Amino acid sequence: MPNQYECINLSYLESIAQGDKDIIEELITIFLDQIPEFTEGLEKSFKDKRWLDVAAIAHKAKSSVISMGMEELGNRDLKNLELVAKELHIKDIRSKDNPETIEEREAEQLEKNLQGYDKERQNWIKANASPETVASIIDKFNTTIKKAEEELKSEIKK
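What counts and what doesn't
Residues numbered from 1 in each chain as written. Predicted model: local features only at pLDDT ≥ 70, side-chain atom pairs only at ≥ 80, totals over all residues. Heavy atoms only, no water. Helix = DSSP H or I, 4+ residues; strand = E, 2+ residues; numbered from the N terminus. Buried < 20%, exposed > 50% of the residue type's maximum accessible area, 1.4 Å probe, protein only. Areas by Shrake-Rupley, 256 points an atom, 1.4 Å probe, with all protein chains shown as cover. Lys, Arg positive; Asp, Glu negative; His and termini not counted. Charge placed at Lys NZ, Arg CZ, Asp CG, Glu CD. Core = buried A, V, L, I, M, F, W, Y, C linked by side-chain atoms within 4.5 Å. Contact = heavy atoms within 4.5 Å. Expected span 1.5 Å × (residues − 1). Bend = angle between axes of the 7 residues up to and from the residue. Polar contact = N/O pair within 3.5 Å; in protein donor to acceptor, adjacent residues only side chain to side chain.

## Points about the overall build of the protein
Counting its regular elements, the protein contains seven helices and zero strands. Order of helices (α) and strands (β) in the protein, N terminus to C terminus: α-α-α-α-α-α-α. Its C-alpha atoms give the protein principal-axis dimensions of about 60 × 30 × 25 Å. Taken over 158 residues, the protein has a buried fraction of 41%. Counting only carbon and sulfur atoms, one obtains 49% of the accessible surface of the protein, whose full area is about 9300 Å². Taking the average place of the 24 positive charges on the side chains of the protein and the average place of its 33 negative ones, the gap between the two points comes to 3 Å.

Next up, the structure:
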């Protein structure tokens, strides 16, 4: 069956639910219930410059978004948001005159994790680690998720 939606693609849900409409509807409802947690959490964490919270919410939202067929939003945009937010947290720690030992260790661990990505990705992260990039990705997330929410609600009404 061809995908009739702009944002979502329910083929993954249909495959794991083996076509059971009740299970699909339940999974959609769970996702819809998570949307405010994601959108409000990202907005508040961004406003408060809590970069690790931004990263954690992006990470959590990623699998949910992908399960609703929004591959690009999850695998590219939310992953980039997670990595850029971690880099911003590192920058915040490194900019302190006297960071605490625990913060130093945290920054070292985050840097080690980021080094696990290929050089091109690492360079992109460093070049784009700014609040403006975070805001841009969050805006795209909010716009896409709003459209997806409408599409999912129309799917439940069927």
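Right, picking up where we left off after that structure.
## Concerning the nonpolar core
A general tendency of soluble globular proteins is for nonpolar side chains to be buried together. Ranked by internal contacts, the top residues of the largest apolar core, which has 36 residues, are Phe-31, Met-70, Leu-81 and Phe-141. For this core, the secondary structure elements donating two or more residues are helix H2 (21–47), helix H3 (51–67), helix H4 (71–94) and helix H7 (131–157). Setting aside residues up to four positions removed in sequence, Phe-31 forms contacts with Phe-38, Ser-64, Val-65, Met-68, Met-70, Ile-145 and Leu-152. Counting five residues, the second-largest nonpolar core is a separate cluster that includes Leu-83, Leu-110, Leu-114 and Ile-125.

## Considerations on H4
Each full turn of the α-helix corresponds to 3.6 residues, which orients residues three or four apart in the same direction. For H4, spanning 24 residues, the distance from its first C-alpha to its last is 34 Å, which sits close to the expected 34 Å at 1.5 Å a residue. Most pronounced at Leu-78, the bend in H4 amounts to some 25°. Among the 24 residues of H4, 17 are classified as buried, and the element is accordingly described as predominantly covered.

## Considering H2
When the terminal C-alpha atoms of H2 are compared, their 39 Å separation across 27 residues agrees well with the 39 Å that a helix rising 1.5 Å per residue should span. Along its length, H2 shows its largest kink, about 30°, at Gln-34, and proline Pro-36 lies within four residues downstream of that point. Inspection of H2 places Ile-24, Ile-28, Phe-31, Leu-32, Gln-34, Ile-35, Phe-38, Thr-39, Gly-41, Leu-42 and Ser-45 among the buried residues, and these make up the whole buried set. For H2, the elements touching its buried residues are helix H1 (11–16), H3, H4 and H7. Its side-chain oxygen 2.9 Å from the backbone nitrogen of Asp-22, Asp-20 forms the N-cap of H2. Following H2 by one or two positions, Lys-49 has its phi on the positive side, about 55°.

## Some thoughts on the side chain of His-89
With respect to the element layout, His-89 can be found in helix H4. Setting aside anything within four residues of it in sequence, one finds His-89 in contact with Trp-51, Leu-52, Glu-106 and Leu-110.

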